[in-house]
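Listed below are the residues making up each chain.
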Amino acid sequence: SKNSAGSPGTGPPPPRGSSSHISNEGWIKLIFLQQLITSVSIGGIYALLAVGYALIYSVFDFTNFAFGAVMMVSAFAGYFTQLGLGTVPALITAVAAGVLLSVLTELTAYRPMRKKSASRLFLMISAMGVNIFVTNLFLCLFGANLRTLPTGFASDTISIEGVQIGTVDMFALIASLISLLLWLFLYKTRAGITVRASAIDTATAGLMGINVNRVSLIVFVISGITAGIAGLFFGMKYTVYPAMGSISTKAFIASVIGGLGSLPGAVLGGFILGVLETLVSGYISATYRDLFSFLAMILVLMFMPNGLMGKGSQDKL
């Protein structure tokens with residue numbers, strides 16, 4: 001059965017016929033390793049979402065709080081597709097839904113306000129409104145029931161020395177590390193250079209001939225892709241439901257810990273938060289999981305205001 005997000009693991013089952021050969025110390029190590037494997041999966045999901053947060057913040061200096069709704073819609077799109085077509089089409093549909101909603105949000109909620117030079121605060125309020133509207137719309141349409149994605153490769157596991165590694169865990173890790181390839185896009189392509197220039201100063205970039213609206217679409221397409229992948233992986237490992245977008249708050253914390261505006265920092269922050277939450281849940285109590293997450297963010301901001309890998313406003317990405 002699927003555990004709730006961040007719930008403590010129960011440790012690997014003893015190998016048949018070999019339980020007498022494993023000492024108490026060995027079991028402790030196995031359980032600890034199993035906790036780390038669990039943390040990799042949720043950390044990979046946090047990292048994917050945090051990259052989207054970091055990218056949008058770098059260019060427009062505001063946090064896209066509609067990100068949770070994009071993730072949720074992607075998960076539902078993948079869920080209904082996988083029921084009839086399988087996992088690969090589900091992934092394609094989830095990414096397409098994430099990109100579509102992300103771009104639609106930019107065109108309808110953000111761009112008109114940017115053209116009027118609205119305050120970044122109003123942009124964030126607009127993002128919250130989009131998130132609340134979409135979440136409640138899906139709640140009315142589909143109800144609050146938890147939906148489980150059909151079993152398939154998502155339920156497969158690989159056993160290495162008694163440690164169970166889920167297929168979804170491995171794919172989440174690979175996907176989150178692939179997001180670092182955005183560095184190649186940002187530094188080796190013409191479009192990437194325009195994104196970096198806009199991250200330094202959007203107004204000046206526009207005066208220099210850069211199409212800021214095109215840059216905006218590029219950024220929101222990328223963030224939609226990361227949200228779509230994260231949404232489907234989250235639904236595979238746990239469940240799909242209208243309020244699942246609330247997990248994006250944790251991704252925001254991860255982005256802050258790693259350093260808003262830093263893509264490697266976003267990935268690092270996601271894995272740090274995943275490990276922290278899993279170990280707290282496993283060895284202390286799941287009740288204190290959120291407490292430690294916010295405490296970690298506060299401590300990082302106290303001693304490193306720009307995050308672990310954050311940079312100054314003139315040197316982003």
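The structure we're discussing is the one just above.
For clarity, every value in this text was computed on a predicted model and none was experimentally measured.

Novice: What's the story with the environment of Ile218 in this structure? I'm lost.
Specialist: Tracing the backbone shows Ile218 in helix α9 (residues 212–237). Given the relative accessible area of 17%, Ile218 is considered buried. Beyond its immediate sequence surroundings of up to four residues, Ile218 is in contact with Phe185, Ala191 and Val195.

Novice: Sorry if this is basic, but what is going on with the packing of aromatic side chains here?
Specialist: Aromatic rings considered in pairs are described by the distance between their centres and by the relative angle of their planes. Under the defined criterion, the tally for this structure stands at 11 aromatic pairs. Relative to Phe142, the ring of Phe138 lies with its centre 5.3 Å away and its plane at 45°, an arrangement referred to as tilted. Highlighted residues: Phe138 and Phe142, both in helix α4 (residues 120–142), separated by four residues, approximately one helical turn. Phe138 sits in the buried class, given a relative accessible area of 13%. An angle of 50° between the planes, with centres 5.1 Å apart, marks the rings of Phe234 and Tyr238 as tilted. You'll find Phe234 and Tyr238 in the same group, each marked buried.

Novice: Which parts of the structure should I look at to understand a nonpolar patch on the surface?
Specialist: Taken together, the side chains of Leu268, Ile272, Leu295, Ile298, Leu299, Met302, Phe303, Met304, Leu308 and Met309 make up a nonpolar region of the molecular surface, amounting to roughly 900 Å² of accessible area. Every element with two or more residues in the nonpolar patch is listed here: α11 (263–283) and α12 (289–303). Top contributing element to the nonpolar patch by residue count: α12, with five residues. The residue Met309 is located in the segment after α12 in this model.

What counts and how
Residues numbered from 1 in each chain as written. Predicted model: local features only at pLDDT ≥ 70, side-chain atom pairs only at ≥ 80, totals over all residues. Heavy atoms only, no water. Helix = DSSP H or I, 4+ residues; strand = E, 2+ residues; numbered from the N terminus. Buried < 20%, exposed > 50% of the residue type's maximum accessible area, 1.4 Å probe, protein only. Contact = heavy atoms within 4.5 Å. Phe/Tyr/Trp six-rings, centres within 6.5 Å; stacked < 30°, edge-to-face > 60°. Patch = residues over 30% accessible without salt bridge, like charges linked within 9 Å, V, L, I, M, F, W, Y side chains within 5 Å. Areas by Shrake-Rupley, 256 points an atom, 1.4 Å probe, with all protein chains shown as cover. Salt bridge = Lys/Arg side-chain N within 4 Å of Asp/Glu carboxyl O.

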